[in-house]
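For reference, the chains in residue letters:
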Amino acid sequence: MPYLLRWLTLGVLLLPFVFNGQGKAPPTSVKLYNDLQKLNFLGSALYIAAHPDDENTRLISYLSNEVHAQTAYLSLTRGDGGQNLIGTELRELLGVLRTQELLAARGVDGGQQFFTRANDFGYSKHPDETLRIWDRDAVLSDVVRVIRTFKPDIIVNRFDHRTPGSTHGHHTSSAILSTEAFALAGNREAYPEQLTSLEPWGPERLFFNTSWWFYGSPENFEKADKSRLVPLDIGVYYPERGLSNNEIAAMASSKHRCQGFGRPNVRGSEQEYVELLEGSMPQNGDLFEGIDTSWGRLKGGGAVGAILDPMETAFNFRNPASHLPELLEAHKILNQLEDSYWKRIKSGQLLELIVNISGLYIEASSIEYSANPGETAKVSIEMVNRSEWPVAVRGFQLDAGTQSDSLIALPENQRILLDGTIAVPEDHEGTDPYWLRESGTLGLYTVSDPSLIGKPQTPPAFYLRVNLDIDGTLINYVTPVIHRYSEPDKGELVRAFEVLPKVTASFEEQVSMFTTAHSRSLKMVVKSHTQSATGKVRLKVPPGWQSEPASYDLSLTGKGDEQAFQFTLLPPPGDSQGFVTPEISVGSKVYNEELIPIVYEHIPSQIVLLPAAVKVVRLNVKKAGQHIGYVMGAGDQVPENLEAIGYTVHILTMDALSAETLKKMDAVVLGIRAYNVLDELPFKNDLLLEYVKEGGTMVVQYNTSGRGSQDFSDLAPYPLQLSRDRVSDETAAVEILDPEHPILNFPNQINAGDFEGWVQERGLYFPDEWDPSYVALLSMKDPGESDKKGGLLVAPYGSGYYIYTGLSFFRELPAGVPGAFKLLSNMLSIGKAPIPPEHGVKG
């Protein structure tokens, strides 16, 4: 029989491959046993919340590892609007990082991961605002799509849909949309366009994952009516693993490193509660009560259960491969049953268990980590049968590449190596994050291909498809083409095989400030991702701007080769801003993207392609002073943006903080969350305050206050209390409270127009109480709230000035917001300003 025909007539095993940097977890006896437990449970649970790290990993792990349900987390957003404790990635790049952290967490707790197209646009105080910005109907349709795809029997909301305005608007919105989708997913009239590939599905129960903090205090929770609450002991111990459920959950939660969610392991019994919102009330603490989760759920499936249920009871941990005949017999029976959702799910799980229990290792690894459309990639295929059972390959195929119908015997524990190639199609879309390929809105990513909606990441570009004969049973095994490599200090690593454009471009800076009408040079680097690239390089500039020369010749002679180009930009005489983008002509195609790597040890390396651009701003920003000391906190791009307006920035480590070093600085700036992340900083605080007292200027950017207010008085020269106050509306009106203050007048005049064009928010974690020594300069508020005056506080101290600000300079400067540059320059320049008596220094 021809190979492709055989392929279409057999059951297909499409193994999931979650990249964690080290590849798939090895199939130990314990893992095989746990996989068998999950195979024997035909039920599913979907947990729904708004962001990465919102999920309750304790409950997800419990449902996956104690109940053995097919469990998934639907995060409506990718967390793009959060902060980053471990690097400088923000917005789209942070969303990619947090997506991978979520996948790493699911790799620990055993869940799956879904997303909608909703964009985390930043903090929102009410679901009305959230749902308006997201496009309520579009995100609701995505939630319905995920429910129809995953077919959960039960849904658990992390947040309460009945308390709008009491928490983050995204949180409440996730619960509102989940509740609506619960009712709509089974209705054929709702989003009928989805039914060309999906079926209506009505879950049985909807829960809210409550806890004492939703009631305000443990005491209030003790008094509350619990008649609709189901208690669960999520502290259960798994003896075969040597771990409790909470220990697994803590390890999963700790994958959220960029949000600082590392936490210690917890052991012992612990109660978790879910409140029934819809469906019948379980009477015995079983969330799946009344739902057939046995093999009897499949018509004819009882015969499969008659084989696999006893196998679970008498599992051979010492020699799991002894169960192979039972698994193959179950496979034959299951394969003959009529097609259904659960047959497809359980067929995949059973085939995976067969391959793993028989000790098979099959991998397709590209020789190089990337290729371009139209290029041929070399692939190494490795096959090893690490069991006594007879296994042979009756043909294999690489997508768009090598195909063979040859019979290849796999002798016991003998490594078979084969060479293959893939011809990457000219029209291949690439492997970059699919949700970033098109321009979206503030609240919604654009995804033109409906089949991608909900997926956590772009599917692998190519697969190896192998027709296996295991002891006379034919199985089609599918595994993605990956790139396996090693590094001397890390050992063997795995990453995705990437399809990249032939060339990409990058600029040295994100924002180029022109403080005069004089020309400035702009450096652009073009990098090759192919063996040879020749063509022309040009710049596209905003109206009124000029670039010279008109073009350069491009000549790159190998993968990774780079060529730098120096253009001269001449701004217009008046204020102007816009974007400069590249136009790189190679053959008949024009390229204009930047390749941005995201590399951390706890996630696989990521490649992001975004439009290459530098924002150019013609603005007469004045400054006084030259040398700025910068203490980096959680990570931001403020230093390079200060250099863009002419400052010389010195990064000050804790070791470098000395009185002698500080004397050389015109001002010192503490990066965002510096006191939250630098354990040594409080011990250096007296040194910093002494610098201020002796005539220096110190600017402290925002620090978080925890879940409530936090006394900051020990770290500031005068009493100061931080709060959770923020102004999330970036267009909120700003009132200038002290128009004559030097910070608002020297060396740049600040007026209401300087607060136009801000992005995501005005600021966060404003102080709400302060000593009279501080002067509040600005007032702002979100709709329906009281005035927030703690966004910019300045106090004379000794001969210098101490400034505390919650304004989001870390977002505004990289976005090239002119007014933010002017205001921060004034703050840094106050030590050089002519000071009226009423604003003079204070001892």
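As shown above, the structure is provided for reference.
Parameters and conventions
Residues numbered from 1 in each chain as written. Predicted model: local features only at pLDDT ≥ 70, side-chain atom pairs only at ≥ 80, totals over all residues. Heavy atoms only, no water. Pairing = 2+ DSSP bridges. Helix = DSSP H or I, 4+ residues; strand = E, 2+ residues; numbered from the N terminus. Axes fitted to C-alpha atoms, helices over the stretch in contact; angles between N-to-C directions. Contact = heavy atoms within 4.5 Å. Core = buried A, V, L, I, M, F, W, Y, C linked by side-chain atoms within 4.5 Å. Buried < 20%, exposed > 50% of the residue type's maximum accessible area, 1.4 Å probe, protein only. Parallel < 35°, antiparallel > 145°, perpendicular 65-115°, else oblique. Left-handed = near helix turned anticlockwise from the far one by under 90°. Nonpolar A, V, L, I, M, F, W, Y, C, P; charged D, E, K, R; others polar. Phe/Tyr/Trp six-rings, centres within 6.5 Å; stacked < 30°, edge-to-face > 60°. Salt bridge = Lys/Arg side-chain N within 4 Å of Asp/Glu carboxyl O.

A.B. asks: Looking at this structure, I do not really get the sheet that holds strand E3 (residues 70-75). What am I missing?
C.D. replies: Strand pairing within a sheet occurs via backbone hydrogen bonds; the two strands may be parallel or antiparallel. An order of E4-E3-E2-E5-E6-E10-E7 is seen for the seven strands of this open sheet, with the pairing classed as mixed. A single partner strand is all that each edge strand has here, and the edge strands are strand E4 (112-115) and strand E7 (229-233). Strand-to-strand twist across the sheet, computed as the mean angle between neighbouring axes with direction ignored, equals 30 degrees. Summarising the sheet, E3 and E4 pair through four bridges and their orientation is parallel. Looking across to E4, one finds that Tyr 73 is bridged to Gln 113. Docked against the sheet, helix H6 (residues 136-150) engages strand E2 (44-49), E3, E4 and strand E5 (154-157), running at close to 160 degrees with respect to E2.

A.B. asks: Looking at this structure, I do not really get the nonpolar core. What am I missing?
C.D. replies: Within soluble globular proteins, side chains that are nonpolar tend to cluster in buried spots. Formed by 88 residues in total, the largest nonpolar core has its most connected members in Leu 46, Leu 308, Ile 354, Met 383, Val 466, Leu 468 and Ile 470. Contact partners of Met 383, with chain neighbours within four places excluded, come to Tyr 361, Ile 362, Val 393, Leu 410, Gln 414, Arg 415, Ile 416, Leu 418 and Val 466. Grouped together as the second largest cluster of nonpolar side chains are 68 residues, Leu 94, Tyr 600, Val 617 and Tyr 702 included.

A.B. asks: Explanation requested: helix H9 (residues 245-253) in the structure shown.
C.D. replies: By the criterion of burial, H9 is predominantly enclosed, with eight of the nine residues buried. Along H9, the residues that are buried comprise Asn 245, Asn 246, Glu 247, Ile 248, Ala 249, Ala 250, Ala 252 and Ser 253. On the buried face of H9, the contacting elements are helix H3 (57-66), helix H4 (91-109), strand E8 (237-238) and strand E9 (243-244).

A.B. asks: Would you mind going over the packing of H4 against H9 with me for this structure?
C.D. replies: The packing of two helices is summarised by the inter-axis angle and the distance between the axes. Relative to each other, H4 and H9 sit at 165 degrees, their axes nearing to 8 Å. With respect to H9, the element H4 is oriented roughly antiparallel. Here H4 and H9 pass one another in a crossing that is right-handed. Of the residues in H9, those in contact with Ala 105, Val 108 and Asp 109 of H4 are Ile 248, Met 251 and Ala 252. Across the contact of H4 with H9, the residue classes tally to five nonpolar, no polar and one charged.

A.B. asks: How do you make sense of unusual backbone geometry when you look at a structure like this?
C.D. replies: Most peptide bonds take the trans form, and the phi angle of most residues other than glycine is negative. Cis geometry is found at the peptide bond from Glu 548 to Pro 549, where omega equals -5 degrees. With respect to the helices, strands and loops of the structure, Pro 549 is situated in the loop between strand E26 (546-548) and strand E27 (552-556). The omega torsion across Phe 746 and Pro 747 is -5 degrees, close enough to zero to call that bond cis. With phi around 55 degrees, Lys 151 is a residue other than glycine that occupies positive phi space. Note that Lys 151 resides in the loop between H6 and E5. Residue Gln 760 is not a glycine yet carries a positive backbone phi of 65 degrees. In this structure, Gln 760 sits in the loop between strand E40 (734-736) and strand E41 (763-770). The exposure class assigned to Gln 760 is buried, which follows from its relative accessible area of 8%.

A.B. asks: How do you make sense of the packing of aromatic side chains when you look at a structure like this?
C.D. replies: Each aromatic ring pair is described using two quantities: the centre-to-centre distance and the angle formed by the ring planes. Using the criterion set out here, one finds 24 aromatic pairs in the structure. Judged by centre distance (6.2 Å) and plane angle (50 degrees), the rings of Phe 462 and Phe 497 are tilted. Of this pair, Phe 462 sits in the loop between strand E17 (415-423) and strand E18 (463-470) while Phe 497 is found in the loop between strand E20 (491-496) and strand E21 (498-499), placing the two residues 35 residues apart along the sequence. Each member of the pair, Phe 462 together with Phe 497, is buried. Between the aromatic rings of Tyr 702 and Tyr 765, the centroid separation amounts to 5.9 Å while the plane-to-plane angle is 5 degrees, which identifies the pairing as stacked. On the criterion of sequence distance, the pair formed by Tyr 702 in the loop between strand E37 (697-700) and strand E38 (710-711) and Tyr 765 in strand E41 is long-range, its members being 63 residues apart. Its relative accessible area of 1% is what places Tyr 702 among the buried residues.

A.B. asks: Help me out: how do you make sense of the pattern of salt bridges in this one?
C.D. replies: Opposite charge on two side chains permits them to pair, given that their charged atoms come into close proximity. The full count for this structure, using the stated rule, is 35 salt bridges. With a shortest N-O distance of 3.0 Å, Asp 339 and Arg 344 are connected by a salt bridge. For Asp 339, a relative accessible area of 56% gives the class exposed. Taking relative accessible area as the criterion, Arg 344 reaches 45% and is therefore assigned partly exposed. Each member of the salt-bridge network shares a partner with another, and the members are Lys 125, Asp 782, Glu 785 and Lys 788.

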